[in-house]
Amino acid sequence: MKILFAASEAVPYVKTGGLGDVAYALPCELAGRNDMEVCVILPYYKSIKDNRDSNIEYVMHFDMPLAWRNTYVGIFKARNEEKNIIYYFIDNDYYFGDRGSIYGEYDDGERFTFFSKAILECIQHIGFYPDIIHCNDWQTALVPLYYRAFFEHHDGYQNIKTMFTIHNIEYQGKVPNEFLSEVIGVSEYWRDAVSYDGCINFMKSAVLLADKVTTVSETYSHEIRHAYFAHGLESVLRQNEYKLVGITNGIDPEIYNPVTDKCLYTNFGCGELKKKYENKRYLQQKLELPVRDDTPVIGMITRLVSHKGLDLVKFIGEEMLSRDLQFVVVGTGDREFEDFFKWLAYTHGDKIAVRIAFDPVLANQIYAGADLFLMPSKSEPCGLSQLIAMRYGTIPIVRETGGLVDTVPAYNPETGEGRGFTFKSYNAHDMLGAIDHACHLYHDLPQRKKLIKNIMNYDSSWKQSADRYLDVYYHM
């Protein structure tokens, strides 16, 4: 089976969030299976072009019509021999090569319209006719539309199926109505398929036209059929729920491995609690917190935005810090929350350390050095941080939503079952109650050791998830 995995980002070339991890780890897991050929296709961003260590080679170029304009499309490629994957890169300096940022440009809609059509055009030039094109999020959501409108009857294209995975339904690719003729360049016949709520909606078209739609956790696949989570698309998803499947993400156990992670002060394996304490002391020293073994350190690595539960933390911040605990926060985001955490660090410097930054090294040191990990999200399609935290023996505290409830069943002190502490209602004091229960466990060393061993032994790899994707591919 041949899979073309289309995404706007993928490790090791470019990453801004969880999609970058998924677009690396899932293809790698699939490529390791018998009778699987996997290629990944990405935009050829300036950051990739400027990286001289990328080992990327030119393949060819051609011209492609995009509505009324004629556009240059270059194809470059790199081969990962170890993982048996070929990466293809769609080149166009105007859309990608001369841009300083990955997202957030004024013409992102046009940029990723170009990318979506170029994905299909380049198939005939590289000679890789896939059985499945696996599209991810709004940036590749027009692939099913272009396939239906222009390509499905071309030689070599007839049997291709399209899958669309929703990683975050909040970002849908909304553009003005004139975009259909001016940029996308398909006939009025397709207007109903791409129009929704007074505009063109890329994601809506993919949900309607793809052969299969998946989300990144089982619970999220049910949540997004309701208005609270769907950001307006609930009726479209309910109408197409017959092809909607939830498959929970995994993480790459080679990348996130406390035994080999070079970012850590000292490496450790399951059961080596003394070495984990060494990482905790190092973290406290590095962040200028009192070095204490007898107080729990709670870590939080997040975008500082409301839907990550930061308004809950803001509401009970001072009350939480009245407890005997330490709190470590790393991330960037909205000015409101950045300023709040800076003020909290200024007024409670012996209790909280804050770094307003994107710092992958410090993030891994927090995963390893913290005792507890807080994720109080309002919504969380899957979440990777709770999986990474458990891999490093750090007990999660999560709200019961999306992938968080799928991967972190509530700890039962009577039976010892479960993998963390949870709360259901989006309520600040419910969250504080879960924090209090987790801190109480911290002082029960025998029970804490059992729980840490349990979460570090939890299989959060891509193996089971890749098995489910394969089942869906073969079904398609």
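In the block above lies the structure referred to throughout.
Worth saying up front: this structure is predicted, and the values here are computed from it rather than measured.

Undergrad: Is there a simple way to explain the sheet that holds strand β4 (residues 69-80) in this structure?
TA: The strands making up a sheet associate through hydrogen bonds between their backbones, and the pairing can be parallel or antiparallel. An order of β3-β4-β5-β2-β1-β6-β7-β11-β12 is seen for the 9 strands of this open sheet, with the pairing classed as mixed. Across the chains shown, the open sheet's two edge strands, defined by having one partner strand only, are β3 (57-66) and β12 (244-246). Across this sheet, the average inter-strand angle for adjacent strands is 25°, counted without regard to direction. Alignment of strand β1 (residues 2-6) against strand β6 (residues 132-136), held across 4 bridges, turns out to be parallel. Across the sheet, F5 pairs through a bridge with H134, a residue of β6. Running at roughly 120° to β3, helix α4 (residues 108-126) makes contact with β1, β2 (37-43), β3, β4, β5 (85-91) and β6 of the sheet.

Undergrad: What exactly am I supposed to notice about the pattern of salt bridges here?
TA: Oppositely charged side chains may form a pair once their charged atoms are brought near each other. Counted by the stated rule, this structure contains 26 salt bridges. Salt-bridge contacts for K314 lead to E336; the nearest nitrogen and oxygen are separated by 3.0 Å. In this pair, K314 is assigned in helix α13 (residues 310-321) and E336 in helix α14 (residues 335-347), connecting sequence segments 22 residues apart. Here K314 falls in the partly exposed class, since its relative accessible area comes to 34%. Linked by salt bridges that have partners in common, E29, R33, K463 and D467 make up one network.

Undergrad: Teacher, can you tell me more about helix α12 (residues 273-286) here?
TA: Since the α-helix turns once every 3.6 residues, residues separated by three or four places project in the same direction. Counted at 1.5 Å a residue, the expected span for α12 with its 14 residues is 20 Å, and the 20 Å between its end C-alpha atoms agrees. Of all the positions in α12, only L273, K276, Y277, N279, K280, L283 and Q284 are classed as buried. An end-on view of α12 places all buried positions within 160° of arc, on one side of the element. Exposed residues on α12 whose side chains face more than 90 degrees from its buried face are K274 and Q285. Just downstream of α12 lies E288, where phi reads positive at about 60°.

Undergrad: Explanation requested: the sheet that holds strand β16 (residues 372-375) in the structure shown.
TA: A sheet is described by the order of its strands in space; here 6 strands give the open sequence β15-β14-β13-β16-β17-β18, paired in parallel fashion. The two strands at the open ends of the sheet, each matched to only one other strand, are β15 (352-355) and β18 (421-423). Here the strands of the sheet are splayed against their neighbours by 15° on average, with no regard to which way each runs. Strand direction decides the pairing type here: strand β14 (residues 326-330) and β15, joined by 4 bridges, are parallel. For F327, the partnering residue across the bridge sits in β15 and is I352.

Undergrad: I keep staring at the packing of α13 against α14 and nothing clicks. Help me out?
TA: When two helices pack together, you describe them by how their axes are tilted relative to each other and by the distance separating the axes. Between α13 and α14, the least distance of the axes is 11 Å, while the angle of their chain directions is 10°. With respect to α14, the element α13 is oriented roughly parallel. In contact with L310, D311, V313, K314, G317, E318 and L321 of α13, α14 contributes E336, F337, F340, F341, W343 and L344. Taken together, the residues of the contact of α13 with α14 sort by class into 8 nonpolar, 1 polar and 4 charged.

Conventions used here
Residues numbered from 1 in each chain as written. Predicted model: local features only at pLDDT ≥ 70, side-chain atom pairs only at ≥ 80, totals over all residues. Heavy atoms only, no water. Pairing = 2+ DSSP bridges. Helix = DSSP H or I, 4+ residues; strand = E, 2+ residues; numbered from the N terminus. Axes fitted to C-alpha atoms, helices over the stretch in contact; angles between N-to-C directions. Contact = heavy atoms within 4.5 Å. Salt bridge = Lys/Arg side-chain N within 4 Å of Asp/Glu carboxyl O. Buried < 20%, exposed > 50% of the residue type's maximum accessible area, 1.4 Å probe, protein only. Expected span 1.5 Å × (residues − 1). Arc of directions from axis to C-beta. Parallel < 35°, antiparallel > 145°, perpendicular 65-115°, else oblique. Nonpolar A, V, L, I, M, F, W, Y, C, P; charged D, E, K, R; others polar.

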